[in-house]
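An overview of the molecular structure
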Amino acid sequence: MGFNSKDGTLRRFDDIAGNLPLLAETNTKNSLWQIHLQSSSGMIPLHIFSAFLFRIEKVNSGYMKMTWSDFREIDHPDFEVVVSVWLDKNESVAKWKIYLKGVRGKEIEKVIFPKISGLKDLQQENLAVADWMGSLLEEPREYMRTNNRDYLNWAYPGHLSMQLLMLYNPGKTGFYLSCNDSLAYRKNFGIGLDSQGYLSCQIDNFPEYNISSDTYSPNYEAITGILKGDWITAAEHYREWAI
């Protein structure tokens, strides 16, 4: 993985073993996170480009910390967003955590994180989703174009029996997204299709409203990885954590 040192955009997400970059080179204006704040005047959407200040810190060779601050669209000068990303020492995955500070008195409708955008077409793609007993959608981009859909999502708890999705070409590589939430917090897993035909994969997190709290961070970590295989591979990988 590689991040832009000026704004924190995700610029690289490569399958090193297969020498295959998964992101388009045009992936320069896509935000890793989006926050929907409710106010008296309506919903205020925030993203990484809403911040006037950004800093990135390389904690060690496998750990990055990024901070966005100075959001002039809202009246909380101490509001900031901190994202930590680190490589798991025992697995070929990355773990993601988001932390919001300065949210007292603000109602957070939704925190979209992580949002991995600009995913290139892997050709002969399949999308595996643990929808009830499991769903396998062939050529998801074509399905979304044909049905005039730019976003699909699945709720957990609800239709999802496992908190994961995987976009893959069984003979090449695959992108895996999950989380290690053992307490069944409400969330959606989703995919989006942009005007250039690139896919995004994301988790929509729904915080509980607590007027006295000044911080928010999900009680779990998001997990991304590159796996070679199919839906069985994804399920086996998820099982290692789930049981």
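Before any of the text, the structure's been laid out above.
Our subject in this report is the structure included herewith. None of these values were measured; they are calculated from a predicted model.

Quick look at the packing of aromatic side chains now. Note on aromatic pairs: each is described by the distance of the centres and the angle between the planes. The final tally for this structure, using the stated rule, is nine aromatic pairs. Here Tyr 63 and Trp 86 contribute two aromatic rings whose centre-to-centre distance is 5.6 Å and whose plane-to-plane angle is 10 degrees, an arrangement assigned as stacked. A residue pair is termed long-range when its members are at least 10 positions apart, and Tyr 63 in strand β8 (residues 63-71) and Trp 86 in strand β9 (residues 80-87) qualify at 23 residues. Tyr 63 gets classed as partly exposed once you look at its relative accessible area, which sits at 26%. On the basis of relative accessible area, Trp 86 is assigned to the buried category, the value being 19%. Note on Tyr 185 and Tyr 220: the rings are 6.1 Å apart at their centroids and 40 degrees apart in plane angle, and the pair reads as tilted. Placement of Tyr 185 in the loop between β16 (174-179) and β17 (187-193) and of Tyr 220 in the loop between β19 (215-216) and β20 (222-226) is noted, with a sequence separation of 35 residues between them. Tyr 185 sits in the partly exposed class, given a relative accessible area of 28%.

Conventions adopted
- Residues numbered from 1 in each chain as written.
- Predicted model: local features only at pLDDT ≥ 70, side-chain atom pairs only at ≥ 80, totals over all residues.
- Heavy atoms only, no water.
- Phe/Tyr/Trp six-rings, centres within 6.5 Å; stacked < 30°, edge-to-face > 60°.
- Helix = DSSP H or I, 4+ residues; strand = E, 2+ residues; numbered from the N terminus.
- Buried < 20%, exposed > 50% of the residue type's maximum accessible area, 1.4 Å probe, protein only.

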